[in-house]
Amino acid sequence: MILFLAARPVTAPPVRPARPVRPAPRRARFRLRVLAPYRRIFAVPGARAFTAANLLARLPMGMLSVSAVLMIAGSRGSYALAGAVTATGLAATALAGPWTARLVDRHGQARIAVPATALAVLGSLSLLLCVRHGAPDWTLFASYAATATTPNTGGMSRARWAHLFRDDPAARHTANSFEQAADELCFMLGPVLATLLCTTLFPEAGTAVAAALLLTGVLLFAAQRRTEPPVAPAPATGRPRSPLRLPGLPPLLVTFLATGAIFGSLEVVTIAFADGHGIRTAAGGLLALQAAGSCAAGLLYGLRRPTGHAGHRFLGCTAAMAALMLLPLLAAATGSPAALAFALLLAGMATAPTMVTGMGLVQSLTPPGRLNEGMTLAVTALLGGIAAGSASGGWAVDHLAGAGAAYGVPAAAAALALTVTLFTARRRPDRPAAPVS
């Protein structure tokens with residue numbers, strides 16, 4: 001039997017013909033081609049890791065103030081006290097933010113961001129305990145002011161992109177577009193998450209979760225050392241000059257101030273409009289539509305390869321923003337919430353391209369060693385504009401003919417941004433700044 005088996009000829013198994021490789025469907029090829037700019041920036045080693053960690057750290061930015069208002073108002077029964085406490089924290093952040101950013105530039109993101117975040121988290125936990133145990137009102141102000149050391153997480157992420165693509169303007173444009181869309185997403189989801197936690201669990205839940213997310217995200221972000229920008233060398237002589245003295249930057253910051261006024265006034269006026277029409281619960285949805293339009297426009301803008309002078313692009317973006325900000329004013333005049341919702345969606349589509357191009361100009365005007373400080377100054381201008389816009393919008397609601405007419409405040413702020421840009425676009429340099437000493 002063994003001999004018989006050994007004598008049988010050994011034949012190779014039949015070779016099956018190779019299956020023809022089918023080309024990818026046209027829709028899939030189109031999707032790959034369109035998303036190629038984003039695929040390219042995230043192909044850089046370490047980019048996905050620091051982006052994911054930064055998003056985790058950035059989400060609390062949209063949670064902390066809403067959580068504080070709900071927690072304080074729910075415990076003390078005073079929205080005035082809650083608003084005053086958050087306004088104090090905003091003012092403290094505007095003062096401390098540039099100094100924190102300067103330390104980040106001088107000593108590195110990991111060495112400064114972690115202790116600064118730890119101090120801010122302690123401030124949030126102190127606020128939580130003071131509210132929980134009925135401490136005097138002044139302790140609430142002191143606790144929330146301590147959160148001003150929170151580092152500009154979005155600015156640190158943009159600084160990493162600027163370092164990775166320092167010789168590739170197109171990639172920097174795509175990265176800035178993604179960052180702006182991420183900002184809009186966090187400020188769209190943060191308030192919703194904060195409200196859900198504070199109303200379904202307990203009033204302090206939003207602050208506790210936001211503090212935990214902030215600390216965890218910054219620790220994970222700081223651990224990504226291979227993409228961290230190098231530390232700026234100390235100036236050879238004297239005190240370093242502030243980026244505020246750089247040519248072209250102060251007018252740009254005025255534009256950011258006006259853009260912040262758009263955001264602040266839109267929020268207050270939209271809430272008042274919804275309240276006046278008996279749909280106060282839908283105010284969050286209306287504001288989310290504006291943020292969603294901005295988020296989508298930011299992502300689409302990142303797919304477009306930048307051409308021409310950056311100052312001219314910025315002028316075009318501010319002109320579009322000024323034109324589209326008239327839509328909520330016109331829609332509110334009809335008294336239709338549906339028309340206002342559509343108008344807010346369209347109006348939001350102009351803010352992200354303006355912010356993306358403006359941040360790109362800040363990066364081109366600021367020397368690499370002061371990049372975090374320069375971008376934090378832009379964020380500070382935005383925060384100041386939000387505060388001024390909130391106050392102006394509230395005044396307009398009370399003193400003008402209803403919330404509909406108050407939509408003239410964001411329209412006027414957009415017109416101011418366009419006016420400042422018109423006077424400065426031709427004189428603004430479009431080249432990297434020289435080192436500042």
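Before reading on, note that the structure itself is shown above.
Residues numbered from 1 in each chain as written. Predicted model: local features only at pLDDT ≥ 70, side-chain atom pairs only at ≥ 80, totals over all residues. Heavy atoms only, no water.

**Student:** When you look at the overall build of the protein chain in this model, what are you seeing that I'm missing?
**Tutor:** Regarding its fold elements, the protein chain presents 19 helices and 0 strands. Residue burial in the protein chain is summarised as follows: out of 437 residues, 47% are buried. Considering only residue pairs separated by 6 or more positions, the protein chain has 83% of its internal contacts joining residues 24 or more positions apart. Only carbon and sulfur atoms are counted for the fraction: they give 68% of the accessible area of the protein chain, which is about 20800 Å². (Helix = DSSP H or I, 4+ residues; strand = E, 2+ residues; numbered from the N terminus. Buried < 20%, exposed > 50% of the residue type's maximum accessible area, 1.4 Å probe, protein only. Contact = heavy atoms within 4.5 Å. Areas by Shrake-Rupley, 256 points an atom, 1.4 Å probe, with all protein chains shown as cover.)

**Student:** Would you mind going over the packing of aromatic side chains with me for this structure?
**Tutor:** Each aromatic ring pair is characterised by the separation of its centres together with the angle its planes make. In the structure shown here, the tally under the stated rule is 6 aromatic pairs. Consider the rings of Trp161 and Phe165, whose centres lie 6.0 Å apart with planes at 10°: the pair is stacked. The same class applies to Trp161 and to Phe165, which are both buried. Aromatic rings pair up to connect Phe42, Phe50, Trp161, Phe165, Phe178 and Phe221 into one cluster. The positively charged end of Arg160 is found above the aromatic ring belonging to Phe50, 5.6 Å away from the centroid. Cation over ring: Arg160 sits above Phe221, and NZ or CZ is 4.1 Å from the ring centre. (Phe/Tyr/Trp six-rings, centres within 6.5 Å; stacked < 30°, edge-to-face > 60°. Lys NZ or Arg CZ within 6 Å of the ring centre and 35° of its normal.)

**Student:** What's the story with a nonpolar patch on the surface in this structure? I'm lost.
**Tutor:** Taken together, the side chains of Leu119, Leu122 and Leu125 present a nonpolar region at the surface, about 270 Å² in accessible area. Of note, Leu125 is situated in helix α7 (residues 109-132). (Patch = residues over 30% accessible without salt bridge, like charges linked within 9 Å, V, L, I, M, F, W, Y side chains within 5 Å. Salt bridge = Lys/Arg side-chain N within 4 Å of Asp/Glu carboxyl O.)

**Student:** For this particular structure, what's the right way to read the nonpolar core?
**Tutor:** With 26 residues, the main nonpolar core has Ile262, Met321, Met325 and Tyr407 as its most contacted residues. The set of elements that each furnish at least two residues to this core consists of α12 (249-276), α13 (283-303), α14 (310-324), α16 (337-365), α18 (402-406) and α19 (408-424). Broken down by element, this core gets its largest block of residues, 7 residues, from α12. If we skip the residues at most four places from it in the chain, Met325 touches Ile262, Leu266, Ala347, Thr351, Pro410, Ala411 and Ala414. Val44, Ala47, Ala113 and Phe165 belong to the second largest nonpolar core, which has 22 residues in total. (Core = buried A, V, L, I, M, F, W, Y, C linked by side-chain atoms within 4.5 Å.)

**Student:** What is the right way to read the pattern of salt bridges from this model?
**Tutor:** A side chain of one charge can pair with a side chain of the opposite charge when the charged atoms of the two come close. Within this structure, the stated rule accounts for 4 salt bridges. Here Arg40 ties to Asp168 by a salt bridge, and the two come within 2.8 Å at their closest N and O atoms. Taken together, the residues span a long stretch of sequence, with Arg40 in helix α3 (residues 36-42) and Asp168 in the loop between α9 (153-164) and α10 (169-200) at a distance of 128 residues. We classify Arg40 as partly exposed; its relative accessible area is 41%. Arg58 is the salt-bridge partner of Glu179, the closest N and O atoms lying 2.4 Å from each other. With Glu179 in helix α10 and Arg58 in helix α4 (residues 47-58), this pair connects stretches of sequence that are 121 residues apart. Comparing Glu179 with Arg58, the two get one shared label, buried.

**Student:** How should the packing of α16 against helix α17 (residues 371-399) be read in this particular structure?
**Tutor:** In helix packing, the relevant descriptors are the interaxial angle and the interaxial distance, both defined with respect to the helix axes. The interhelical angle for the contact between α16 and α17, taken along N-to-C directions, is 140°, at an axis separation of 9 Å. The orientation of α16 relative to α17 falls into the category oblique. Note on packing geometry: the crossing formed by α16 with α17 is right-handed. From α16, Met355, Met359, Val362 and Gln363 reach across to α17, where they touch Leu371, Gly374, Met375, Ala378, Val379 and Leu382. For the contact of α16 with α17, a count of residues per class yields 8 nonpolar, 2 polar and no charged. (Axes fitted to C-alpha atoms, helices over the stretch in contact; angles between N-to-C directions. Parallel < 35°, antiparallel > 145°, perpendicular 65-115°, else oblique. Left-handed = near helix turned anticlockwise from the far one by under 90°. Nonpolar A, V, L, I, M, F, W, Y, C, P; charged D, E, K, R; others polar.)

**Student:** Would you mind showing me how to read the packing of α14 against α19 here?
**Tutor:** Running from N to C, α14 and α19 cross one another at 155°; their axes reach a closest spacing of 8 Å. Considered as vectors, α14 and α19 are oriented roughly antiparallel to each other. For the element pair α14 and α19, the recorded crossing hand is left-handed. Contact with α14, carried on its side by Phe314, Leu315, Thr318, Ala319, Met321 and Ala322, involves Ala414, Ala415, Ala417, Leu418, Thr421 and Leu422 of α19 and no other residues of that element. In terms of residue class, the contact of α14 with α19 is built from 10 nonpolar, 2 polar and no charged.

**Student:** Looking at this model, I keep getting lost on the environment of Val192. Mind explaining?
**Tutor:** Looking at the element boundaries, Val192 is found in helix α10. Separated by 130 residues in sequence, Val192 and Gly62 place their C-alpha atoms 8.9 Å apart.

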